[in-house]
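# Remarks on the overall topology
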Amino acid sequence: VPKIRPPAMERNVVPPGPTSFPDLMEAFYSTATGKRTFQRCKQDINCMKESCAIVEQASDRLTLKVCILVLMLLLTMQLLVSVGEDTSRIQGLYQVDVTAMSAEMSPSQFCDFVKNEFTEVVRSSTFLLLVANYRVFWEPGCECCNPDASAAQPALANPLAAGGIVERIVRGTGKEAHEIHAEAIFGAGNIARTVVLFDNHEFERAMAANSLFQTFIVVILLTSLVLYFALDVRKMASRNVLHPLWNLMDDMCSVKNIDILLLGQKSGSIAIFDDFQNKMYKKYFQSSSSKVTMVCRCKSGVVVSDELLQLRTAFDKLHMAMQSWSKYVPLILLKQLFEANVEASIGCSFVEVSVVFISISDFETVCEHLSSQQVLDLMSGVLSGIHEALDSNGGTMLEFIGDEVLAIFNAPARVVGFESNAIAAALEAQELVAKLGHSNVSLKASVHKARVLAGNLGSPTRMKYGVLGDGVNLSARLKSLNTRYDTQLLVSYEALDFPGCKETYLTRPVGDLILKGRNTPTRTFEVLAKRAGANPKHLHGAQKHTQAFELFKKRWFAEAKKLFEEVHGLMGHRSHGVGDKVAMHFVQLCQSFMDTPPPDSWDGSEKLVKKAF
């Protein structure tokens, strides 16, 4: 989780006093930046809702298409199935017609034939009427009751004529027309010679009921199929495809914003962040009317497609490579490369920065009696503390040079109040190293603000981000002067040129120093501490030292010497168990100028004869 620390000029925005990461996040979400961040999270959740809606629409459409396809298949199968017509009735009727016209069979034998043979053929229906050879043998109320009389009756003119016997019997049943079935054999003049009439209403109603039952079963099966298919499609789309893609997209966006790299470097805060994230989700989303059930991590046992697994594996390898790369290159530079979406190329631009050098005092002496592993452990602890101080104040660490660290503030990303942050980082690094418990280990640092060239340096195939300019060299020279004066943090006048400096930091002048190889003096100051936590003796000593320095520049050497001697008493024994070398150096200069006054052209500067100390 990226460390959230506002710039120096904006630190009063965040409520003071968070004691844990969740408290810090709560405080962060109360700021304008935090609110924008939380709105972005809500937008992400809305996007997830829209993704769910898209999946539902896609699954519904797919389900509808499948159902239509099933129905079309059923219809096609129904059309392709050849329904054979029941010809038993017409065949039996032809047999009855032939028998009725046969002279060899008496009417009684004919009726027996009809009762025993023909009615067996049409047993699924009720036999209503039989007209054979224009004579009625079977009708309601008389089912071949008098065969001889039937044979002797006059021939019917046309049984199927309007108002004829067939129409009268059909009307008398009170049934629907489709429930009565008639078959006829026509004779001369296209007049029905033999007619048979059946009552099919029981069969037709049984078939209708059966058809309704089958339709109901088909509807139930189709509904079950639709529900099962829709649920299965949504489950597959969400767990097997959508959720893995969400996770992958989340990680990709985090990589783009360099958040996941920071998360990997601070893995100890992952659990507490997850707990806080769940708390915020329940607070702002779970109680809303439109609840959303989301699974942000695929559970074990869910089958994911091979393509997504390969994509996830490739991304994890890329993530690991980038996480390793971020340990060699400043994270802010990685983020700018991602956002620029262009290939890195050689190029620099002028920018005003604070250049910071920090190294271990008397490193060779400290490591003289240590083994190689002990030296490595010592450097790891010290450099980790330095990096933490620089990173927490918005600095960009460019490179390690042995035990020395080069860092800049205000590039490549602009930092509000970078001048104050640079000095604060140097002081904080000293405090963190002091907490390591090595009594003989201390830091010496320098800060100088200058306009330098910053950008990609090197060749087109191998480059690094760095800075060029006289300001870089000047800051390095100031760092080496700490050895001469037995100080820990020397800065230039330019580094202190920002609003609120005197109220924030306790400083004292070290001199207007003309470094070797330069012609103009560099007013140099020692930063003792932050005023808020400074020792009262040091506050008084720094005030006297400043007064003495003003007297020194006015050539009042005797008065200045007296004050510097007082400063030595106040500031002595604050480091390395020795006196205040800065005050004693001025005491010696005052005495030297009292013995041999400087020329009239002297402007209070001191010319150094060595480049490094």
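Just so we're clear, the structure is a prediction, and the values are computed from it rather than from any experiment. Every chain's residues receive numbers from 1 upward, in the order its sequence appears when written. Confidence filtering applies because this is a predicted model: local features only for residues at pLDDT of at least 70, side-chain atom pairs given and counted only at 80 or more, and all residues used for totals across whole chains, interfaces and linings. Excluding hydrogens and water, the side-chain values take into account all heavy atoms of the structure.

### Details of the overall build of the protein
- When its secondary structure is counted, the protein shows 19 helices and 14 strands.
- Within the protein, the fraction of its 613 residues that count as buried is 40%.
- Computed by Shrake-Rupley with a 1.4 Å probe, the accessible areas treat only the displayed protein chains as cover when residues are assessed. Total accessible area on the protein stands at roughly 35000 Å², and carbon and sulfur atoms take up 56% of it. Here a helix means four or more residues in a row that DSSP labels H or I, a strand means two or more in a row labelled E, and each is numbered from the N terminus. Burial classes: relative accessible area under 20% of the type maximum marks a residue as buried, over 50% as exposed, and values in between as partly exposed (1.4 Å probe, protein chains only).

### Section: unusual backbone geometry
- For the bond from A411 to P412, the omega torsion is 0°, close enough to zero to count as cis.
- Counting through the fold element by element, P412 comes out in the loop between β8 (404-409) and α14 (418-434).
- In this model, R555 sits at a positive phi of 75°, which is unusual for a non-glycine residue.
- Residue position: R555 is located in the loop between α17 (536-553) and α18 (557-571).

### Topic: helix α15 (residues 470-485)
- Taking 1.5 Å per residue, 16 residues should reach 22 Å; α15 reaches 23 Å between its end C-alpha atoms and fits that length.
- Looking at α15, one finds that the buried residues are G471, V472, L474, S475, R477, L478, K479, S480, L481, N482 and Y485.
- Where α15 ends, the next residue or the one after it, D486, has phi of about 55°, a positive value. Helix span is expected to be 1.5 Å times the residue number reduced by one.

### Side note on the side chain of S392
- Mapped onto the elements, S392 comes out in helix α13 (residues 372-392).
- Owing to a relative accessible area of 7%, S392 belongs among the buried residues under this scheme.
- For S392, the side chain forms a polar contact with the side chain of E428, separated by 3.2 Å. N or O atoms closer than or at 3.5 Å make up a polar contact, with two conditions inside protein: a donor-capable atom paired with an acceptor-capable one, and, for residues adjacent in sequence, both atoms drawn from side chains.

### Focus on the pattern of salt bridges
- By salt bridge we mean one thing: a side-chain nitrogen of Lys or Arg within 4 Å of a carboxyl oxygen of Asp or Glu. Applying the stated criterion to the full structure yields twelve salt bridges.
- Between E167 and R171 there is a salt bridge whose closest N-O contact spans 2.5 Å. With E167 and R171 both in helix α6 (residues 165-173), this residue pair falls four residues apart, about one helical turn.
- As a salt-bridge pair, K479 and E404 come within 2.6 Å of each other at their nearest N and O atoms. Of the two residues, K479 is situated in helix α15 and E404 in strand β8; the sequence distance between them amounts to 75 residues.
- Salt bridges linked by common partners bring R508, E526 and D580 together as one network.

### Details of the nonpolar core
- Among the nonpolar cores identified, the biggest contains 41 residues, and I386, I423 and L489 are the most heavily contacted of them.
- Listing elements by their share of this core, those giving two or more residues are β6 (347-360), α12 (363-366), α13, β8, α14, β9 (443-459), β11 (489-492) and β13 (522-530).
- Of the residues forming this core, the biggest block, nine residues, is contributed by α14.
- When checking whether two residues touch, look at their non-hydrogen atoms; a contact exists if any pair is within 4.5 Å. Beyond its immediate sequence surroundings of up to four residues, I423 is in contact with V447, L489, A495, L496, F498, Y505 and V527.
- Counting residues in each nonpolar core, the second largest holds 24 residues, with L474, F557, A560 and F586 among its members. The term nonpolar core refers to a set of buried residues drawn from Ala, Val, Leu, Ile, Met, Phe, Trp, Tyr and Cys, joined through side-chain atoms within 4.5 Å.

### Some remarks on the sheet that holds strand β3 (residues 142-143)
- Pairing within the open sheet is antiparallel, and its five strands lie in the order β3-β2-β1-β5-β4. For this open sheet the edge positions go to β3 and β4 (180-186), each flanked by a neighbour on one side alone.
- Should DSSP find at least two bridges between two strands, the strands are taken to pair. Where strand β1 (residues 126-132) lies against strand β5 (residues 192-199), five bridges are found, and the strand directions are antiparallel. Among the inter-strand pairings, L129 is bridged to a residue of β5, identified as L197.
- Here an axis means a line fitted to C-alpha atoms, over the contact stretch when the element is a helix, while the angle between two N-to-C directions is reported on a 0 to 180 degree scale. Packed onto the sheet, helix α3 (residues 88-101) meets β1, β4 and β5 and runs at close to 45° relative to β4.
- Sheet contacts for α6: β1, β2 (135-139), β4 and β5; angle to β1, the most-contacted strand, approximately 170°.

### Some points on the pairing of strand β10 (residues 462-468)
- Both β9 and β10 contribute to a ladder of seven bridges, which runs antiparallel. Its bridge partner being in β10, A454 is matched across the sheet by V467.

### Side note on the pairing of strand β7 (residues 396-401)
- Note that β7 and β8 share five bridges and pair antiparallel. What sits directly across from T396, in β8, is I408.
- Between β7 and β8, which pair antiparallel and follow one another directly, the connecting turn spans two residues, one of which, G402, has a positive phi of 65°.

### Observations regarding the packing of aromatic side chains
- What counts as a ring pair is set by centres within 6.5 Å for rings of Phe, Tyr and Trp (its six-membered ring), and what kind of pair is set by the plane angle: stacked under 30 degrees, edge-to-face over 60, tilted for all other angles. Throughout the structure, instances matching the rule amount to eleven aromatic pairs.
- Ring centres 5.2 Å apart and planes at 40° place the aromatic pair F557 and F593 in the tilted group. Residue F557 is located in helix α18, and its partner F593 is located in helix α19 (residues 581-595); the two are separated by 36 residues in the primary sequence.
- F557 gets classed as buried once you look at its relative accessible area, which sits at 7%.
- Exposure remark for F593: the relative accessible area of 16% places this residue in the buried category.
- Taken together, the ring pairs connect F549, F552, F557, F564, F586, F593 and W602 into an aromatic cluster.
- Look at NZ for Lys and CZ for Arg. If either is within 6 Å of the ring centre and within 35 degrees of the ring normal, a charge sits over the ring. Its guanidinium or amino end placed over the ring of W556, K554 lies 5.8 Å from that ring's centre, counting from NZ or CZ.

### Notes on the environment of W138
- Mapped onto the secondary structure, W138 falls in strand β2.
- Here W138 falls in the buried class, since its relative accessible area comes to 7%.
- With 27 residues separating them in the primary sequence, W138 and C111 have C-alpha atoms 8.9 Å apart.

### Examining a nonpolar patch on the surface
- Together, F213, F216, I217, I220 and L221 make up an exposed nonpolar region whose accessible area comes to about 500 Å².
- If you trace the backbone, L221 turns up in helix α7 (residues 201-256). Patch membership requires over 30% relative accessible area and the absence of a salt bridge. Like charges are linked within 9 Å, and nonpolar side chains (Val, Leu, Ile, Met, Phe, Trp, Tyr) within 5 Å.

### Here we look at the environment of E202
- By the secondary structure assignment, E202 is in helix α7.
- The class for E202 is exposed, based on a relative accessible area of 58%.
- Sequence-wise, E202 and S125 are 77 residues apart; in three dimensions their C-alpha atoms are separated by 7.7 Å.

### With respect to the side chain of S420
- Tracing the sequence through the fold places S420 in helix α14.
- Excluding its chain neighbours within four sequence positions, the residues that come into contact with S420 are F498 and Y505.

### Some remarks on the packing of α17 against α18
- Direction vectors running N to C along α17 and α18 enclose 160°, while the axes themselves pass 8 Å from each other. The orientation of α17 relative to α18 falls into the category roughly antiparallel. The element α17 and its partner α18 pack so that their crossing is left-handed. Counted together, K537, H538, H540, G541, A542, K544, H545, Q547, A548, F549, L551 and F552 of α17 and F557, E559, A560, L563, F564, E566, V567, L570 and M571 of α18 form the full contact between these two elements.
- Note that Gly is not counted as nonpolar here; it falls among the polar residues with everything else outside the nonpolar set of Ala, Val, Leu, Ile, Met, Phe, Trp, Tyr, Cys and Pro and the charged set of Asp, Glu, Lys and Arg. Of the residues in the contact of α17 with α18, the class split is twelve nonpolar, five polar and four charged. Each angle gets one of four labels, with under 35 degrees taken as roughly parallel, over 145 as roughly antiparallel, 65 to 115 as roughly perpendicular, and the rest as oblique. The crossing is said to be left-handed when, going from far helix to near helix, the turn is anticlockwise and less than a right angle, and right-handed when the turn is clockwise.

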